[in-house]
Structure formats: C-alpha cells, structure tokens
Amino acid sequence: MGQEERIQNAYRGLGGKRTFYDGMITCSTLSGRAVCRLVWGMGRAETQDYLSAALAGIPEGFSGRLLEVPVGTGILTMPLYREMPEAEITCLDYSPEMLERAKFWGEGLAHVRFQQGDVGALPFGDGSFDIVLSLNGFHAFPDKEAAWREIFRVLRPGGIFCGCFYVTGQNRRTDWIIRRLYVPKGYFTPPFETAESLRHRLEEIFGPAKVRTVQSIASFACQKVKEEYS
Ligand SMILES: C[S@@+](CC[C@H](N)C(=O)[O-])C[C@H]1O[C@@H](n2cnc3c(N)ncnc32)[C@H](O)[C@@H]1O
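Only a predicted model underlies this, so the values are computations on that prediction, with no experimental measurement involved.

Enquirer: Run through the pattern of salt bridges, naming residues and quoting values.
Expert: Oppositely charged side chains can form a pair if their charged atoms are brought close together. In total, this model carries 10 salt bridges according to the counting rule given. For the salt bridge of Arg153 with Asp126, the shortest nitrogen-to-oxygen distance reads 2.8 Å. Of the two residues, Arg153 is situated in helix H7 (residues 144-154) and Asp126 in the loop between strand E3 (112-116) and strand E4 (129-135); the sequence distance between them amounts to 27 residues. In this structure Arg153 comes out as partly exposed when scored by relative accessible area, which is 23%. Relative accessible area serves as the criterion here: at 62%, Asp126 is assigned to the exposed category. Of the charged contacts in the structure, one is a salt bridge between Glu150 and Arg153, with a shortest N-O distance of 2.8 Å. Residue Glu150 and its partner Arg153 are both found in helix H7; the two are separated by 3 residues, about one turn of the helix. When its relative accessible area of 11% is taken as the criterion, Glu150 is described as buried. Because the salt bridges share partners, they merge into one network encompassing Arg65, Asp130 and Arg156.

Written as structure tokens, this is what we have:
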C-alpha cells in the first residue's frame with residue numbers, strides 16, 4: 001500500500017469515529033480529555049491556548065480569501081467562519097469522510113466551500129489566497145516539501161500563513177507515543193520539525209515568523225515577504 005493510501009485509510013477510520021475525533025481535538029468529551037492528557041499532557045485550557053495562537057494570524061472581521069488545509073472535521077474552525085460572513089473560504093482535505101463531517105459543522109455557511117484534494121498539488125492558481133490556515137496538518141502530510149511549496153505558491157505576496165502542528169523534542173512521552181502508535185497507524189508521517197527548525201523553515205520560505213509552543217504543539221504565523229520559493 002502506498003503512503004497516500006495508508007493516510008487516506010487511517011483518516012477514513014477516524015472520519016467514521018467522528019464524535020470521538022471531535023471530542024479529542026477539542027479536548028471536550030471524557031475520552032477526548034483522556035487522550036489530551038495522556039498523549040499531549042494538555043487539558044482544555046492548553047488546547048484553547050494553542051488554538052488561539054494558531055488563529056491569531058487571522059484579523060478580526062477578515063473579509064478576504066482564506067484557504068484552510070486540511071480542514072479535517074471542521075469542528076475547530078466552523079464556529080469562527082460563522083463570524084466571518086464577508087470572507088470567501090475554501091476548505092480542503094484528502095479524506096472524503098472528514099470532509100463530510102466538516103460539511104455537517106459548516107451547514108448553512110454559503111461563504112464556505114469544501115473541496116477534496118491534496119495539499120501537495122493544490123488546484124488553485126498562484127497567489128489565490130490572502131491567508132492560508134493549516135491546523136494539525138503538517139505532521140500528517142506525506143510529502144511535506146510539496147506542501148510547503150504549494151502553500152507558498154497559492155498565497156499572495158504579503159499574505160499570511162498561520163496554524164499549528166506537532167513538533168518533536170518538547171515532551172518525551174508524547175514523542176514516544178507518536179513514534180510507537182500514531183506513525184504506524186498512519187495518522188502522523190515523519191520527518192517531524194522541532195520548534196526551532198520550524199521557525200527557521202518558516203523564515204527561510206516566507207519571512208519573519210512568530211512561533212509559540214504549548215507542550216508538543218507549535219502555533220505559528222508568518223507573512224510571505226519572499227518573492228521566490230527557496
Ligand atoms: C490530524 S487531522 C487535522 C484536521 C483538522 N485541521 C483538525 O485540526 O482537526 C489531519 C488531516 O490531514 C488530512 N491530510 C493528510 N494528508 C493530506 C494531504 N496530502 N492533503 C490534504 N489533506 C491531508 C487528513 O485527511 C486529516 O483530515
């Protein structure tokens with residue numbers, strides 16, 4: 001089985017366990033809180049903390065074009081998009097099952113569209129978006145080089161790239177569980193950044209970057225000031 005198929009299968013399974021996934025990513029249900037604590041060493045406050053930092057790159061009342069990739073089940077962002085009726089939002093994910101759930105959370109939002117696709121081959125023209133948001137995606141993407149390149153390409157000059165994902169080297173127990181469980185299951189795909197290598201990479205590709213870690217999740221925001229991808 002190829003890597004792409006493995007990842008799609010893994011998230012097909014998770015898309016099927018929607019309530020469990022949503023409870024885990026929001027650290028809200030009993031089982032979700034247990035996973036947050038055991039795997040990530042986080043409670044609800046820390047989860048909110050990294051999420052707020054990841055979303056801080058989106059200005060209040062934003063009314064431009066935003067790409068979210070991967071949207072997953074959409075539970076983290078649909079409430080925010082409800083407050084941004086003037087924005088033009090595109091949500092993309094590899095997994096049709098995850099997208100189905102996102103459509104459920106995004107019901108009635110005419111300014112949000114959902115599309116199945118690969119972050120490594122984005123079906124959009126150069127400079128199509130003012131903001132690209134990527135929550136908990138890079139640790140899952142199979143071809144990370146292609147993802148960096150494509151996000152750079154579809155972001156307009158001066159645009160914002162923000163989000164969050166797992167970084168290694170912050171919490172030994174988390175790193176162990178990721179290596180022993182999440183990677184074999186296909187939820188996460190190495191290689192992983194450290195907080196420092198992430199900052200360096202963002203600054204090299206895009207421009208000045210803010211990176212903040214909460215346990216093993218690094219939240220970031222940067223502006224595309226570089227003219228060419230490097
Ligand atoms: C951990 S989930 C994160 C989803 C959501 N942003 C969240 O925070 O709940 C990772 C997602 O990445 C998607 N994914 C993995 N590889 C992808 C790719 N190459 N292109 C687009 N989405 C991808 C999976 O289908 C899955 O929905």
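Enquirer: Talk me through the sheet that holds E4; I want residue IDs and the actual numbers.
Expert: One open sheet holds the 7 strands; their spatial order is E3-E2-E1-E4-E5-E7-E6, and the pairing between them is mixed. With one partner strand each, in any of the chains shown, E3 and strand E6 (209-214) form the two edges of the open sheet. On average, each strand axis in the sheet is inclined to that of its neighbour by 15°, with strand direction left out of account. One ladder, built from 5 bridges, connects strand E2 (residues 88-93) with E3; its direction is parallel. Across the sheet, Thr90 pairs through a bridge with Arg113, a residue of E3. Helix-sheet contacts for helix H6 (residues 96-105) involve E2 and E3, and the interaxial angle to E3 is about 170°. Strands strand E1 (65-68), E4 and strand E5 (155-166) of the sheet are contacted by H7, whose axis makes an angle of about 145° with E5.

Enquirer: Quick one: what's the story with H7, residue by residue and with numbers?
Expert: Within H7, 8 of the 11 residues are buried, which leaves the element mostly enclosed by the surrounding structure. Of all the residues in H7, the buried ones are Lys144, Ala146, Ala147, Trp148, Glu150, Ile151, Phe152 and Val154. The N-cap of H7, judged by a side-chain oxygen 3.4 Å from the amide nitrogen of Glu145 a few residues on, is Asp143.

Enquirer: Can you lay out the nonpolar core for me, pointing to particular residues and giving the numbers?
Expert: Counting 43 residues, the largest nonpolar core has Trp40, Ile58, Leu66, Tyr81 and Tyr182 as the members making the most contacts within it. Grouped together as the second largest cluster of nonpolar side chains are 29 residues, Phe129, Phe141, Ala195 and Leu198 included.

Enquirer: Tell me what's going on with unusual backbone geometry, and back it up with residues and numbers.
Expert: Cis geometry marks the peptide bond from Val69 to Pro70, where omega comes out at 0°. Mapping Pro70 onto the fold places it in the loop between E1 and helix H5 (78-82). In this structure, the amide linkage connecting Pro190 to the following residue, Pro191, adopts the cis form with an omega of 5°. Positionally, Pro191 belongs in the loop between helix H8 (172-185) and helix H9 (195-205). Phi at Cys27 is positive, roughly 55°, even though this residue is not glycine. With respect to the helices and strands, the residue Cys27 is situated in the loop between helix H2 (18-25) and helix H3 (30-40).

Calculation rules
- Residues numbered from 1 in each chain as written.
- Predicted model: local features only at pLDDT ≥ 70, side-chain atom pairs only at ≥ 80, totals over all residues.
- Heavy atoms only, no water.
- Salt bridge = Lys/Arg side-chain N within 4 Å of Asp/Glu carboxyl O.
- Helix = DSSP H or I, 4+ residues; strand = E, 2+ residues; numbered from the N terminus.
- Buried < 20%, exposed > 50% of the residue type's maximum accessible area, 1.4 Å probe, protein only.
- Pairing = 2+ DSSP bridges.
- Axes fitted to C-alpha atoms, helices over the stretch in contact; angles between N-to-C directions.
- Contact = heavy atoms within 4.5 Å.
- Polar contact = N/O pair within 3.5 Å; in protein donor to acceptor, adjacent residues only side chain to side chain.
- Core = buried A, V, L, I, M, F, W, Y, C linked by side-chain atoms within 4.5 Å.

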